[in-house]
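# Examination of the molecular architecture
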Amino acid sequence: MEQLTLTTPAVLFSAISLILLAYTNRFLAYAALVRSLYDKFMLSHDSLLLNQIKNMKQRLRLTQAMQILGIGSLLLCVLCMFLVYVHWQTSAKVVFGVALVLLILSLALSIREIQISVKAIDLQLGSMKNQKQ
């Protein structure tokens, strides 16, 4: 196996940073939507709104987990760079491997969150279809 250099984990910095920015934007949008749905629910007690709120709660939890895993991956990349700097190659390789696993898990959760988002849109479209009929 080749030596790990400082540039190897550093390459992930920009990718992880962009992913974390996307996750944060998603989280902020969801938080605003939850507040709006909550206000509407308090006025109407519509079961569709309650289902949407439950869906948003699940999506917020997934987004939180995605952020935590992404930040963990970034932290481990920094630790890996330090380990490379002090010439602890074996430890650096293990830490970098764990950082990659955390990033993979974060992206996998993102896929699950997208699936749940589509379900929420389907609920909304289903209610529109029912109102039309």
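Shown above is the structure to which this text applies.
Residues numbered from 1 in each chain as written. Predicted model: local features only at pLDDT ≥ 70, side-chain atom pairs only at ≥ 80, totals over all residues. Heavy atoms only, no water.

## Let's talk about the pattern of salt bridges
Tallying each qualifying case throughout the model produces two salt bridges. The partner of Arg 26 in a salt bridge is Glu 113, with the nearest N and O atoms 2.8 Å apart. You can see Arg 26 sitting in helix α1 (residues 7-44) and its partner Glu 113 sitting in helix α3 (residues 89-132), a full 87 residues away along the chain. Among the residues examined, Glu 113 registers a relative accessible area of 1% and is labelled buried. Here Glu 113 and Arg 59 are joined by a salt bridge, their closest N and O atoms 3.3 Å apart. In this pair, Glu 113 sits in helix α3 while Arg 59 sits in helix α2 (residues 47-85), placing the two residues 54 residues apart along the sequence. Residues Glu 113 and Arg 59 agree in their burial class; the two are buried. (Salt bridge = Lys/Arg side-chain N within 4 Å of Asp/Glu carboxyl O. Helix = DSSP H or I, 4+ residues; strand = E, 2+ residues; numbered from the N terminus. Buried < 20%, exposed > 50% of the residue type's maximum accessible area, 1.4 Å probe, protein only.)

## With respect to the packing of α1 against α2
Two elements in contact, α1 and α2, have axes separated by 9 Å at closest approach and are oriented at 160 degrees. In terms of orientation, α1 lies roughly antiparallel with respect to α2. Crossing hand, α1 versus α2: left-handed. Along the lines of polarity and charge, the residues of the contact of α1 with α2 split into 27 nonpolar, seven polar and three charged. (Axes fitted to C-alpha atoms, helices over the stretch in contact; angles between N-to-C directions. Parallel < 35°, antiparallel > 145°, perpendicular 65-115°, else oblique. Left-handed = near helix turned anticlockwise from the far one by under 90°. Nonpolar A, V, L, I, M, F, W, Y, C, P; charged D, E, K, R; others polar.)

## Points about the nonpolar core
In summary, soluble globular proteins display a tendency toward joint burial of nonpolar side chains. Grouped together as the largest cluster of nonpolar side chains are 18 residues, with contacts concentrated most on Leu 4, Leu 12, Ile 16, Cys 80 and Ala 92. Only α1, α2 and α3 provide two or more residues apiece to this core. The element best represented in this core is α2, accounting for seven residues. Beyond its immediate sequence surroundings of up to four residues, Cys 80 is in contact with Leu 4, Pro 9, Ala 92, Val 95 and Phe 96. By size, the runner-up hydrophobic cluster in this structure holds seven residues, among which are Tyr 30, Leu 37, Leu 49 and Leu 60. (Core = buried A, V, L, I, M, F, W, Y, C linked by side-chain atoms within 4.5 Å. Contact = heavy atoms within 4.5 Å.)

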